[in-house]
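Listed here are the chains, written in short residue letters.
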Amino acid sequence: MRFRRRLLAACIGASIFCSFVNAQQQPTSSASSAVVPRLVNFSGKAVDTEGKIITGIAEATFAIYKDQYEGSPLWLETQNVQGDAKGNYTAQLGATKPEGLPLDLFTSGEARWLGVSINNGSEQPRILLMSVPYALKAADAETVGGLPPSAFVLANKSQANGASRETSATVAATKNNAASAANPAVTGKGVANFIPMWDSTSDIVDSLIFQKSSQIGINTGTPAATLDVNGKGDVRDTLTLFPNGTDPTLAVNGTTFKVNQTGKVTFVSGQKFPGTVTGVTAGTDLTGGGNGGKVTLNLDTTKVPQLAAANVFTNNQAISGGPDTWGLQVSQPNFLTILEQGPESGVGTALEMQTTGTGGMFWQILNTGESASQGANKLNFRNDSAGVDVMTLTASGQVGIGTNSPIATLDVQGNASQARTAGGMVKAMLHFSPFNAGRIISCFNSTLSGAAATTPPCGFLFDITGVGDYIFDFGFEVDDRIYSVTYSSQTFGGGQGAVFAVDACGNQDGECLHTGSLTNNQVEVAVLVSGTEEFTDSKIHLIVY
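Residues numbered from 1 in each chain as written. Predicted model: local features only at pLDDT ≥ 70, side-chain atom pairs only at ≥ 80, totals over all residues. Heavy atoms only, no water.

Trainee: Looking at this model, I keep getting lost on the environment of L528. Mind explaining?
Mentor: Inspection of the secondary structure puts L528 in strand β29 (residues 522–529). Since its relative accessible area comes to 17%, L528 is described here as buried. Remark: the alpha-carbon pair of L528 and V502, spanning 26 residues in sequence, is separated by 5.9 Å. (Helix = DSSP H or I, 4+ residues; strand = E, 2+ residues; numbered from the N terminus. Buried < 20%, exposed > 50% of the residue type's maximum accessible area, 1.4 Å probe, protein only.)

See below:
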């Protein structure tokens, strides 16, 4: 009768459970029993830690606990759920396990609480499981102590007498003589891949440690590394990391604090460091320091240039300011110069003046050194924008314009122009003698350079149109110049007491004695006596300014 009551309770419990979990029954026979799928439907809402709805596929971790608030889970699984527009989803607990929910989870008759966490977030408040899951206990009625009834059928007496003794002997021999099997058969119930733990001195349950292949997860059934800890971890002694191959020695990353593999540390904004600075020592060009309180550092005035003291600068210096403060001014009653030095063996030392505005030029005053292209020890004025030496002054006082190698006190290369009424610069000079059809004895032509400028006839032409009447052609315009003419005479046509005169004129002055017109390049010279008679054999000295 007791066995019949157990069987009846099992059938009632199984029927109740199957109505909620879609149990599939098979025909009952003496050799088989109904298969009870150990699944429980559960409906929930997928939200994140801030309470925001999660739609679509999400990872849900279901854990069954003995208590409402504390304790380790008795059972754990992770599966993907599909949330609708409001985050609602439905899952079958035990669907990821081959055996479904374990029977012994509900055999104690104690309450069970279900905790749910979405996407590895914080666990939602635990829910008390109602009576339906406890129908799993009814499946235990099919067994006696976990064994089918057939296990308790006695052997016939004819076999029992001899077999019993043989079996006892065999068992005794096995215990005393046979070595333990390398992989003894292990029986029991639990969740696959979870490492078991003793919940009491006589009960084994699943722990939080999950292992699949070579990966171990703590509080997670889907480890992503060799060791994956879902939750906080404490190390109460030294943590040593041994890099593997080319892996970084250390890499610690958080949302606001980071330590990368090179040791660079990124701190939280506003981070204050514990501890006390024991002292501050002044470095190069600084003075001061101290061991506490407010520490002050000052410039070492013996190392840092002061404007009120003499300084020697070894690098480029820049002075900048506004329109009213441009420039460098030195004021000293006893004539204190601004000294700029350069090596004699080099190009020299220069003062560069630059105009950086549109169309501006760079000018340079250069005191030439030994290797300067203009020659050593010259003062050179240079258009540095065009790379042209405009004027050169030698150590002996010779001035070259258009040349940096003057051969006279003033050596002008190129044309020189001057107003007719102005005095000064010599354009051309000649000393002329009328003897033997006339010749230029000495001369100077400023438009030529080198020996050609002073070698007769210096590029000049002449024509004797009559006694004491000479026309000189210089090859360039001279009619707007100032002429200076003197003479010396060997024969006097006017005798003693005569009045002598000499005159020079160009094309702009009209005609002197010549009946024809002059060109702009010509000057006519006439030597007269008493205003009417001409000298004979007169030597002419003519200068054109």
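The rest of the description comes next.
Trainee: Can you walk me through the sheet that holds strand β3 (residues 75–83) in this structure?
Mentor: What holds strands together in a sheet is hydrogen bonding between their backbones, with the strands either parallel or antiparallel. Here 4 strands make up an open sheet; going across it, the order is β3-β2-β5-β6 and the pairing antiparallel. Strand pairing shows two members of the sheet lacking a second neighbour, β3 and β6 (127–128), which therefore form its edges. The sheet contact formed by strand β5 (residues 113–118) and β6 spans 2 bridges and is antiparallel. The residue of β6 that forms the bridge with W113 is L128. (Pairing = 2+ DSSP bridges.)

Trainee: When you look at the side chain of T78 in this model, what are you seeing that I'm missing?
Mentor: With respect to the helices and strands, the residue T78 is situated in strand β3. Its relative accessible area of 18% is what places T78 among the buried residues. One polar contact links T78 to T61, side chain to side chain, over a distance of 3.1 Å. (Polar contact = N/O pair within 3.5 Å; in protein donor to acceptor, adjacent residues only side chain to side chain.)

Trainee: Is there a simple way to think about the packing of aromatic side chains in this case?
Mentor: Each aromatic ring pair is specified by the distance between its two centres and by the angle formed by the two planes. With the rule as written, the count across this model stands at 8 aromatic pairs. A centroid spacing of 5.0 Å and a plane angle of 70° characterise the contact between F194 and F210, whose relative ring orientation is edge-to-face. On the criterion of sequence distance, the pair formed by F194 in strand β7 (residues 194–200) and F210 in strand β8 (residues 203–212) is long-range, its members being 16 residues apart. Accessibility expressed as a relative area gives 6% for F210, which makes it buried. An aromatic cluster of at least three residues, connected via ring pairs, comprises F432, F462, Y470 and F472. Looking at K427, its charged tip hangs above the ring of F476, at a distance of 5.2 Å from the centre. (Phe/Tyr/Trp six-rings, centres within 6.5 Å; stacked < 30°, edge-to-face > 60°. Lys NZ or Arg CZ within 6 Å of the ring centre and 35° of its normal.)

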